[in-house]
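Here is how the chains run, residue by residue.
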Amino acid sequence: MPPTNDAAELLPGTLDLLILKAISLGPLHGYGILLRIEQITGDALAIEQGALYPALYRLQRQRLVATEWSTSENNRRAKYYRLTTAGRKRLREETEWWERLVAAMGSALRAKPEEV
Amino acid sequence: MWRLFRRQRFERDMDEELAFHLQSRIDDHLRRGLSRTDAERRARLEFGGVDKYKEQIRDARPFALVDDLARDLTYAWRSLRRTPVFATTAIVAIALGVAVNAGLVTLVYALVLRPLPVKDPGTIRNVFMSTRGGGSRGTYGTPYFVSFAEFAFMRSQSRTADLAAVAEASLSCTCAAGGQLRAQLVSDNLLPLIGARPALGRFFTPDETKTPGSAPLVVLAWATWQQQFGAAQDVVGRTVNLNRTPFTIVGVADADTTGPLITKPDVWLPYTMQAITRPGGMLIDEPTFGWIQILARRRPGVSDSAMRAELSVLGQQSLLPHNPDRTATVTVSPGAFLNYPMIMQNGAPVMAIAFLAVSLVLLIACANVANMLLARGLGRRREIAIRVSMGAGRARLLRQFLTESAVIGVLGGGVGLLLSQGAARLVLRAVPATMMGGHQLDLSPDWRIVFYTLAVSLATSLFFGSVPALRLVRSDLTPALKAAHRNWLLSGRRIPLQSALVAGQAAITVVLLVNAGLLVRGFDRALRMDHGQSARNVLIASFNLQQEQYSGEQAGRFLMELREVIAGTAGVAGVSMTVNDPFVSGCGMRAWTIGADGQPSEPFQIACEQAGPDFFKTMHIAVLRGRGFTGDEVRRAARVAVVDERFARTRFEHVDPVGRFVRLGTRPEDVREIVGVAATTAELTVDRRMRPKVYTPISGFLEGKLLIAHDGRTDAVVGTLRARVAEVDPNVNVSIKSIEQNVRFALAPIRIAAAAAAALGLMGLVLACSGLYGVVAFSVSRRLREIGIRVALGANRTDLLRMIVGQGLRPVAAGSAIGLLLAAGGGHLIRVLLFGVSPIDPITFTATVLALLAAAALAAIVPALTALRLDPMVALRDE
């Protein structure tokens with residue numbers, strides 16, 4: 001599904017942050033993470049679903065997420081991802097960074113000519 | 001095995017995880033009421049290219065690098081196995097290039113860098129001391145040797161290192177098969193210092209090496225004990241005569257001990273017995289005469305700089321009693337055979353040139369491999385394009401190409417390492433035995449050489465592999481996928497990179513061949529030029545009068561009498577005497593001319609030569625003015641001299657020197673009257689300096705040699721000589737050689753250089769031509785269709801042949817032009833070896849380029865002919 005005009009393209013690094021956020025509430029399998037991201041972003045972000053997996057494996061290699069095989073809600077074997085302590089810490093840091101950035105950008109863009 | 005298992009499991013898990021995702025999505029779509037076909041199509045579309053993401057996941061997984069490397073290696077190995085001709089050619093090319101390079105490094109390493117063959121070589125140091133300034137000082141051997149007194153002082157004072165003395169001497173012994181033994185004169189601590197242990201008996205005690213002449217004792221080397229004494233257990237205590245002096249054998253060294261010098265000794269003597277190696281004990285009693293080399297064992301906890309600092313001070317102090325006006329320079333270097341500061345300095349430029357030459361061959365080889373890789377890669381464009389479109393990242397592909405290059409490099413390096421051993425031994429064998437006889441050079445590769453070789457081959461193969469690899473991976477690959485464009489070369493579009501590589505090879509080959517040609521011509525010139533003296537039909541006879549304890553007077557009588565006997569033999573045109581070995585050894589000193597007012601001139605350097613009666617006649621040196629020496633003048637050591645024409649011209653210009661005076665020393669009695677002017681003679685040694693020459697009546701009879709000019713009938717001369725010597729003194733050993741041997745010896749360095757350069761040049765030529773062959777063959781095979789069409793349309797085959805060969809030769813011609821310019825520069829570097837042949841000798845330059853073009857034409861014609869011989873219909877149908 002190529003990005004369309006009403007779906008914003010992902011900034012680099014945002015997908016990782018979204019994944020961390022998605023599993024911060026509890027372990028999820030890959031498809032579950034996708035649904036959670038679609039849900040929390042309100043379908044505003046568009047990615048090819050496959051792109052989720054290289055990102056997951058990268059996070060796993062950085063030891064920000066841990067995995068285990070378990071049985072899914074429809075009784076199939078699925079791989080579940082959960083946050084590690086390092087992942088939780090990273091999520092906190094990234095969240096703060098984003099909030100600062102958003103606040104800064106917001107005030108910058110709202111600035112009126114006389115304030116500049 | 002474990003890795004394979006892990007890898008399979010990883011793939012299974014990945015597949016299962018992705019399948020789960022797709023299945024869940026399909027289920028969701030089905031629940032929303034889509035048909036099964038639509039649901040599946042939709043899910044797949046949303047997911048994107050499964051293979052692409054799988055590839056990305058593989059790259060992202062842990063252990064990716066290790067696993068990929070293993071996979072790349074297997075892939076590279078298989079793909080090389082599939083193309084054995086390419087693989088072999090590439091590996092051989094790299095191996096040849098690496099072999100000459102590593103061969104040179106092996107030689108240099110063995111000569112000047114390799115740790116000495118002694119126990120714990122890491123803390124062994126060579127200590128060299130050179131001195132500068134006023135006051136007289138003599139050295140025997142290198143200028144870095146110290147006198148007995150200086151060594152004794154430094155050894156007793158040093159706190160940073162244990163100092164030991166070693167010097168070399170040649171001895172006569174009735175015990176030896178050839179009558180001659182190589183001896184090392186050592187201080188008592190030398191053998192223990194290098195970790196030697198007595199296999200029998202003992203070594204020397206400190207008391208035995210204190211007083212000159214007090215302890216005629218000898219320690220045998222293991223090999224001497226085995227070969228000359230039949231490994232007799234009771235050898236200790238026996239007496240042997242060395243230089244007519246009885247010595248008692250006190251011990252035998254263990255088999256591993258071969259001494260700290262480049263030549264293995266047969267025996268060790270206390271260095272205080274030096275006097276018997278030269279009559280009169282002239283070296284050991286002389287406090288300003290250096291003849292001892294210092295070997296040091298650095299003490300624990302001491303740094304090299306601390307050692308150098310201390311020994312510099314001690315060296316300076318050691319000069320105070322007898323050489324107070326001289327300044328000492330002390331060098332401390334890790335123990336090795338030939339690491340004298342002078343050799344390191346003078347040898348460096350020679351080594352740089354040699355290294356440049358071998359690196360050029362390596363460069364040609366690498367260009368060859370790069371070209372082959374490029375051609376092969378172009379042939380694989382379809383495969384590459386398919387793999388890229390299937391999701392293989394370009395970085396991944398690049399890594400795979402480089403792995404292939406690395407495999408070629410390592411294999412080539414391994415073969416090259418083996419070949420380099422042969423190359424180094426071949427060069428060493430070309431060195432005359434008199435220069436390096438009995439050496440104990442260890443050419444076997446140690447880890448440093450192995451590391452160097454593999455590093456060089458890996459680095460070059462990776463660098464030269466990256467050029468074509470980058471080009472292939474970067475290029476637009478879509479045309480390669482379309483079969484219609486398979487003949488993308490049809491338009492005759494050239495591949496500049498390939499041509500550039502061929503041109504580069506041609507240029508380097510020209511440089512190597514031209515310099516080889518110049519050296520060969522220089523060698524030829526040196527052989528045929530007018531030497532100003534006989535270079536043939538002269539025999540040189542030398543005697544071991546010193547070893548037989550002759551006095552100078554006795555030696556003089558012996559030689560003068562022998563001379564008269566030989567002069568009467570049939571076939572002899574003249575007999576004389578000299579001290580220097582003609583063309584091989586020389587003598588230099590300072591001289592002053594005495595002006596008409598009796599005042600001496602400024603001192604200048606001259607070459608000195610001692611001459612017997614009839615010297616100029618015997619050696620065919622023209623006497624231009626005045627006369628040579630008479631027998632009477634030689635006998636009474638008359639204060640006369642003959643100068644050469646260069647001397648006359650530079651010192652007296654237009655004035656006749658005959659009757660004028662020259663002073664060869666600082667004392668009044670060193671003044672000599674000039675009685676004649678002789679023609680200037682040519683020098684052949686590489687380090688020849690064109691100094692004016694002064695001949696004096698021979699006085700050093702102990703080292704005197706008989707020169708015998710003959711008309712080719714040497715048998716009678718040699719017979720008479722040997723018989724007469726045996727009659728006079730059966731103990732005297734006579735060795736006879738021809739002056740032609742001396743000429744060959746003097747020219748050995750240039751002969752070796754010419755042979756090595758020729759070998760390198762031919763190697764370059766073969767590599768460059770095989771490279772050109774490959775390029776032409778490749779381009780022809782790509783253009784078969786075009787050629788087929790042209791032939792079918794009635795094109796003249798001869799014209800086509802001319803076109804193909806011409807296109808192939810164009811880069812060769814361009815490269816040759818560049819090569820000629822570079823070669824002109826190279827010729828200047830080796831000017832000293834050319835004996836007057838111009839460094840831009842037109843004959844050499846023209847011949848080289850013609851030879852290269854001819855060889856290149858041949859290399860291009862073969863594949864071109866093969867292509868033209870094909871039935872055009874076959875070529876067309878093939879598409």
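Note: the structure precedes this text.
Rules used throughout
- Residues numbered from 1 in each chain as written.
- Chains lettered and ligands numbered in written order.
- Predicted model: local features only at pLDDT ≥ 70, side-chain atom pairs only at ≥ 80, totals over all residues.
- Heavy atoms only, no water.
- Helix = DSSP H or I, 4+ residues; strand = E, 2+ residues; numbered from the N terminus.
- Buried < 20%, exposed > 50% of the residue type's maximum accessible area, 1.4 Å probe, protein only.
- Contact = heavy atoms within 4.5 Å.
- Disulfide = S-S within 2.5 Å.
- Salt bridge = Lys/Arg side-chain N within 4 Å of Asp/Glu carboxyl O.
- Polar contact = N/O pair within 3.5 Å; in protein donor to acceptor, adjacent residues only side chain to side chain.
- 1 Å grid on protein atoms, 1.4 Å probe; cavity = no way out; pocket = protein on both sides within 12 Å on 5 of 7 lines; lining within 4 Å.
- Points joined across faces, edges and corners; volume = space filled by probe spheres on them.
- Nonpolar A, V, L, I, M, F, W, Y, C, P; charged D, E, K, R; others polar.
- Expected span 1.5 Å × (residues − 1).
- Phe/Tyr/Trp six-rings, centres within 6.5 Å; stacked < 30°, edge-to-face > 60°.
- Lys NZ or Arg CZ within 6 Å of the ring centre and 35° of its normal.
- Pairing = 2+ DSSP bridges.
- Axes fitted to C-alpha atoms, helices over the stretch in contact; angles between N-to-C directions.
- Parallel < 35°, antiparallel > 145°, perpendicular 65-115°, else oblique.
- Left-handed = near helix turned anticlockwise from the far one by under 90°.
- Core = buried A, V, L, I, M, F, W, Y, C linked by side-chain atoms within 4.5 Å.

*Asks:* Whenever I open this one, the environment of Gly 48 of chain B confuses me. Can you help?
*Replies:* By the element assignment, Gly 48 of chain B lies in the loop between helix H2 (36-47) and helix H3 (50-60). Using a relative accessible area of 14% as the deciding quantity, one classes Gly 48 of chain B as buried. Apart from the residues lying within four places of it in its own chain, the contact partners of Gly 48 of chain B are Glu 48 of chain A together with Tyr 53 of chain B.

*Asks:* Explain the side chain of Ser 333 of chain B to me, please; I cannot follow it from the model alone.
*Replies:* On the secondary structure map, Ser 333 of chain B appears in strand S12 (residues 326-334). Setting aside residues no more than four positions away along its own chain, Ser 333 of chain B makes contact with Ile 124, Arg 125, Asn 126, Phe 128 and Asn 339 of chain B.

*Asks:* I would appreciate a short explanation of the state of the cysteines in the present structure.
*Replies:* Cysteine pairs can be covalently joined through their sulfur atoms, and such a bond is termed a disulfide. Residues and elements named next belong to chain B. Taken as a whole and assessed by the stated rule, the structure comprises one disulfide over all chains. Across the disulfide from Cys 587 sits Cys 608; the S-S distance is 1.7 Å. With the S-S dihedral at roughly -85°, the linkage between Cys 587 and Cys 608 falls on the left-handed side. One end of the pair, Cys 587, is in the loop between strand S14 (572-578) and strand S15 (588-594); the other, Cys 608, is in strand S16 (residues 604-611), and 21 residues separate them in sequence. With relative accessibility at 27%, the residue Cys 587 sits in the partly exposed group.

*Asks:* Looking at this structure, how should I read the pattern of salt bridges?
*Replies:* Once the charged atoms of two side chains with opposite charge are near each other, the side chains can pair. Tallied over the entire structure, the rule returns 38 salt bridges over all chains. Where Glu 16 of chain B meets Arg 77 of chain A, a salt bridge forms, and the shortest distance between an N and an O atom there is 3.1 Å. Of this pair, Glu 16 of chain B sits in helix H1 (residues 2-31) while Arg 77 of chain A sits in strand S3 (residues 77-83), which puts the two residues in different chains. As a salt-bridge pair, Asp 28 of chain B and Arg 31 of chain B come within 2.5 Å of each other at their nearest N and O atoms. Here the residue Asp 28 of chain B and the residue Arg 31 of chain B both occupy positions in helix H1, the gap between them amounting to three residues, near one helical turn.

*Asks:* Looking at this structure, how should I read the interface of chain B and chain A?
*Replies:* One frequently used descriptor of interface size is the decrease in accessible area upon assembly of the parts. Counting residues at the interface gives 26 residues for chain B, matched by 24 residues for chain A. Our count for the contact surface shared by chain B and chain A stands at four salt bridges. Arg 76 of chain A is the salt-bridge partner of Asp 27 of chain B, the closest N and O atoms lying 3.6 Å from each other. In this assembly, chain B and chain A are joined by nine residue pairs in polar contact (both at pLDDT 80 or more). Of all the secondary-structure elements, those providing two or more residues to the side of chain B that touches chain A are H1, H2 and H3 of chain B. Ranked by residues supplied to the side of chain B that touches chain A, first place goes to H1 of chain B with 13 residues.

*Asks:* Just to check I follow, could you spell out unusual backbone geometry for this structure?
*Replies:* Excluding glycine, residues mostly carry a negative phi; peptide bonds, for their part, are mostly trans. Residues and elements named next belong to chain B. Its identity is not glycine, yet Asp 614 carries a phi of approximately 60°, on the positive side. Topologically, Asp 614 is positioned in the loop between S16 and helix H18 (615-618). Look at Asp 614 and you get partly exposed, because its relative accessible area is 33%. We note that His 620 has phi near 55°; this positive angle belongs to a residue other than glycine. Here His 620 lies in the loop between H18 and strand S17 (623-626). Take His 620: its relative accessible area is 58%, and that puts it in the exposed class.

*Asks:* Sorry, what's going on with empty space enclosed by the protein here?
*Replies:* A probe matching the size of a water molecule, rolled over the atoms, marks out where space remains unfilled. Residues and elements named next belong to chain B. Taken as a whole and judged by the stated rule, the model has seven cavities of 30 Å³ or more. Of the pockets and cavities examined, the second largest cavity occupies roughly 80 Å³. Broken down by secondary-structure element, the contributors of at least two residues to the lining of the second largest cavity are helix H10 (341-379), helix H12 (394-430) and helix H14 (447-474). For the lining of the second largest cavity, the leading source of residues is H14, giving four residues. By residue class, the composition of the lining of the second largest cavity is five nonpolar, three polar and three charged.

*Asks:* Please explain helix H4 (residues 85-110) of chain A as it appears in this structure.
*Replies:* Given 3.6 residues to a turn, an α-helix orients residues that are three or four positions apart in the same direction. Residue and element names in this part refer to chain A. Between its first and last C-alpha, H4 extends 37 Å over 26 residues, near the 38 Å set by a 1.5 Å rise per residue. All buried positions along H4 are accounted for by Gly 87, Leu 91 and Gly 106. Considering only its buried residues, H4 is in contact with helix H1 (14-23) and S3.

*Asks:* I tried to follow the packing of aromatic side chains on my own but got confused; where do I start?
*Replies:* Remark: the centre distance and the inter-plane angle together describe each pair of aromatic rings, the angle taken between the planes. All names here are of chain B. Counted under the stated rule, the structure contains 20 aromatic pairs over all chains. Aromatic side chains Trp 222 and Trp 225 sit 5.2 Å apart centroid to centroid with 65° between the ring planes, which places their arrangement in the edge-to-face category. Taken as a pair, Trp 222 and Trp 225 lie in helix H8 (residues 222-228) at a separation of three residues, close to a single helical turn. Residue Trp 225 is classed as buried on the basis of its relative accessible area, which comes to 5%. Relative to Phe 558, the ring of Tyr 550 has its centre 5.9 Å away and its plane inclined at 75°; by these criteria the two rings are edge-to-face. Both residues of the pair, Tyr 550 and Phe 558, belong to the buried class. One aromatic cluster is present, built from ring pairs that chain together Phe 128, Tyr 144, Phe 145 and Tyr 340. Here the basic side chain of Arg 663 rests over the ring of Trp 592, its NZ or CZ set 4.5 Å away from the ring centre.

*Asks:* Looking at this structure, I do not really get the side chain of Asn 515 of chain B. What am I missing?
*Replies:* Examined against the element boundaries, Asn 515 of chain B turns out to sit in helix H16 (residues 496-528). Judged by relative accessible area, which is 12%, Asn 515 of chain B ranks as buried.

*Asks:* Just to check I follow, could you spell out the sheet that holds strand S2 (residues 65-71) of chain A for this structure?
*Replies:* Strand pairing in a sheet takes place through backbone hydrogen bonds and is either antiparallel or parallel in direction. All names here are of chain A. Strand order in the open sheet formed by three strands is S1-S3-S2, and the pairing between neighbours is antiparallel. Edge positions in the sheet fall to strand S1 (28-29) and S2, since each of these pairs with one other strand and no more. Across seven bridges, S2 lies against S3 in antiparallel orientation. The residue of S3 that forms the bridge with Trp 69 is Lys 79. Lying over the sheet, H1 contacts S1, S2 and S3, oriented at roughly 100° with respect to S3. Packed on one face of the sheet, helix H3 (residues 52-61) meets S2 and S3 and runs near 55° to S3.

*Asks:* Quick question: what am I supposed to make of the packing of H16 of chain B against helix H26 (residues 842-869) of chain B here?
*Replies:* Helix-helix packing: each pair is described by the crossing angle between the helix axes and the interaxial distance. Residues and elements named next belong to chain B. Between H16 and H26, whose axes approach to 9 Å, the crossing angle comes to 135°. With respect to H26, the axis of H16 lies oblique. Note on packing geometry: the crossing formed by H16 with H26 is right-handed. Residue-level contacts link Ala 506, Thr 509, Val 510, Leu 513, Val 514, Gly 517, Leu 518 and Arg 521 of H16 to Ile 843, Thr 844, Phe 845, Thr 848 and Leu 852 of H26.

*Asks:* Hey, could you run me through the nonpolar core in this one?
*Replies:* In a soluble, globular protein the nonpolar side chains are often hidden away together inside. All names here are of chain B. Ranked by internal contacts, the top residues of the largest apolar core, which has 129 residues, are Phe 543, Phe 558 and Leu 706. A per-element tally of this core places H16 first, with 14 residues. Non-local contacts of Phe 558, meaning those with residues more than four positions away in its chain, are made with Phe 543, Leu 545, Tyr 550, Val 725, Val 728 and Val 732. Of all hydrophobic cores here, the second largest spans 47 residues; its members include Ala 169, Leu 185, Val 240 and Ala 296.

These values are about where atoms sit, not about what they do.
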